[in-house]
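In case you want the letters, here they are:
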Amino acid sequence: MLQLSFVNFKPSSYILVEGTEATDYFFIIQSGHVKCYNEIPIAGIPPLTLGPGDFIGVIPCMTGQRQIQNVVSTTPVVAIMVKRAQYPELIMKNTPVAMKIVRSFARDMRHINDQLTKLTLNKTNVSTPEQIFAAAEYFENMGMYMAAAYGYFQYIRECPSGMNVATAQQRFGRLKTRAMPPYIEASTDSIRTYPRGAMIFYECQHGSDMYIIQSGSVRISKVVAGKEVTLALLKKGDLFGEMALLENLPRSANAIANEEARLMVVNKENFNQMVTTQPQMISKLTTMFADRLWTMQRQLTNTQLRDTREKLIDMISLQLEKQKIPFSKETYHTGFTVQDIMNLCVIPQRDQYQAMQLLQTDQCVHIVSGRIDVPDVAQLIRQAAFYRKQNSKHVTD
């Protein structure tokens, strides 16, 4: 039987402290209000006031990562403590609780996606089907003809009276004979395989499918002002596309097969059935969303690092930390290339040679055939944490 405990907090009590170890529980506020904030303000994550029905501490609880914010009571607070092991049973008895958490995660991820684009390129996109044409044009210029053909086709479908329809029709007709994209039409296949460089969906495209990677990798990106910003590199077990499914809004980013990718497709009907019949699956989904949010918030922190070498080391550390596997003293082969990490850090093309030179001289990593090996993972993670801490001091000075 599900037995939840109630905890009382006096005004000005620290409920959670940023940087401390993760707990195996989170709270649902029953009464009162709390303030959530970062000791060193992070662009895009303003202080937040939460009240009855809101959740605190879900991300550290579900991910096992350190606390990401301070949470302080501003009034007397009564909160329900939910242990991680109790979450599946809670879902079974109260599905709306889980869906409120999942939908709030989706909303936060969309907001952070926009912030990452703004901070890296100092610009944001206007959400319009014309963005599909602009991105398709970018990928054609980059020689990614399969992705470009898919984009022109989707633009014609999404915006049949758009200002660039005639041009899109002409370019699609030329490119489809050169590199016909897979799944260009709607498909009911629950398992799909995309070759390297194929577009799975475009930013601003409508769609309600969510994808879980069975093998290979997928790049999530935005194209802004003729430049591509890599938001994430996803691998086996990761999911994406959930925001369109949950919010019924156009896609917020592009998804491209970074290497041949085999994907399981979850549509809205399947998802709704999962919610009501498979609490363990929803529990896993919550954990995956929490992992994504933790990663994205760490990426926001990475954007504040100004030293190129420190930024690269911190990004490598982030990729290792989010894998959450035990690391030995033996050299660890990350599988990431230097180019992957530079793309995640949005290092301009003109600065990439110098950035590679800086990384090659760093004792925390070894570069072998363009790929990154780490001789001592724990040391690299400690070093990255030191860089972030030093940078935070500069921010407040």
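Residues numbered from 1 in each chain as written. Predicted model: local features only at pLDDT ≥ 70, side-chain atom pairs only at ≥ 80, totals over all residues. Heavy atoms only, no water.

Undergrad: Give me the overall build of the protein: which residues, what numbers.
TA: Assigned secondary structure in the protein consists of 13 helices and 19 strands. Taken over C-alpha atoms, the radius of gyration comes to 22 Å for the protein, in line with the 21 Å a tight globule of 397 residues would show. Here the C-alpha coordinates of the protein stretch approximately 70 × 50 × 40 Å along the principal axes. Counting only residues that meet the buried cut, the protein has 53% of its 397 residues in that class. Summarising the internal contacts of the protein: among those between residues at least 6 apart in sequence, 76% fall at separations of at least 24. Split by element, the accessible area of the protein, about 18,700 Å² in all, is 51% carbon and sulfur. Once the 42 positive and 35 negative side-chain charges of the protein are each reduced to a mean point, those two points are 1 Å apart. (Helix = DSSP H or I, 4+ residues; strand = E, 2+ residues; numbered from the N terminus. Rg over C-alpha atoms; globule rule 2.2 N^0.38 Å. Buried < 20%, exposed > 50% of the residue type's maximum accessible area, 1.4 Å probe, protein only. Contact = heavy atoms within 4.5 Å. Areas by Shrake-Rupley, 256 points an atom, 1.4 Å probe, with all protein chains shown as cover. Lys, Arg positive; Asp, Glu negative; His and termini not counted. Charge placed at Lys NZ, Arg CZ, Asp CG, Glu CD.)

Undergrad: Lay out the sheet that holds strand β13 (residues 227-234) with the relevant residues and their values.
TA: Across the sheet, four strands lie side by side as β10-β15-β12-β13; this open sheet has antiparallel pairing. Two strands in the sheet have a free side with no partner beyond their single neighbour: β10 (199-201) and β13. Within the sheet, the average angular offset between the axes of one strand and its neighbour, ignoring direction, is 35 degrees. As paired strands, strand β12 (residues 218-224) and β13 are joined by seven bridges and run antiparallel to one another. (Pairing = 2+ DSSP bridges. Axes fitted to C-alpha atoms, helices over the stretch in contact; angles between N-to-C directions.)

Undergrad: Lay out the packing of helix α9 (residues 279-303) against helix α10 (residues 308-321) with the relevant residues and their values.
TA: For the pair α9 and α10, interaxial distance at closest approach is 10 Å and the crossing angle is 170 degrees. In terms of axis orientation, α9 runs roughly antiparallel to α10. In this structure, α9 contributes W294, T295, R298, Q299, N302 and T303 to the contact, and α10 contributes K311, D314, M315, S317, L318 and E321. The residue inventory of the contact of α9 with α10, partitioned by class, reads three nonpolar, five polar and four charged. (Parallel < 35°, antiparallel > 145°, perpendicular 65-115°, else oblique. Nonpolar A, V, L, I, M, F, W, Y, C, P; charged D, E, K, R; others polar.)

Undergrad: Can you explain the packing of aromatic side chains? Please cite residues and give values.
TA: This model, assessed by the stated rule, comprises 14 aromatic pairs. An angle of 55 degrees between the planes, with centres 6.3 Å apart, marks the rings of F386 and Y387 as tilted. By relative accessible area, which is 44% here, F386 ends up partly exposed. Ring pairing ties together the aromatic residues Y138, F139, Y150 and Y202, which thus form one cluster. Lying across the ring of Y37, K35 places its NZ or CZ 5.3 Å from the centre. In this arrangement the basic side chain of R192 is found over the ring face of Y183, its NZ or CZ atom lying 5.5 Å from the centre. (Phe/Tyr/Trp six-rings, centres within 6.5 Å; stacked < 30°, edge-to-face > 60°. Lys NZ or Arg CZ within 6 Å of the ring centre and 35° of its normal.)

Undergrad: So what's going on with the pairing of strand β7 (residues 70-73)? Which residues, and what values?
TA: Taking every second residue as pointing to the same face, both faces of β7 are buried, with N70 and V72 on one and V71 and S73 on the other. In the sheet, strand β2 (residues 14-16) pairs with β7 via two bridges, with the strands oriented antiparallel. Paired with L16 across the bridge in β7 is V71. Here four bridges tie strand β4 (residues 34-37) to β7, and the two strands are oriented antiparallel to one another. Within β7, the residue paired with V34 across the bridge is S73.

Undergrad: Please provide a residue-by-residue account of the environment of E321, values included.
TA: Examined against the element boundaries, E321 turns out to sit in helix α10. Residues E321 and Y332, spaced eleven residues apart in sequence, show a C-alpha to C-alpha distance of 13 Å. Look past the residues within four positions of E321 in its chain and what remains in contact with it is Q65, W294, R298, I381 and R388. In terms of polar contacts, E321 uses its side chain to reach the side chain of R298, at 2.9 Å. (Polar contact = N/O pair within 3.5 Å; in protein donor to acceptor, adjacent residues only side chain to side chain.)

Undergrad: A description of the environment of Q214 should follow, citing residues and the corresponding values.
TA: Relative to the elements of secondary structure, Q214 occurs in strand β11 (residues 210-215). If sequence neighbours within four positions are ignored, Q214 has contacts with K236, R262, L263 and M264.

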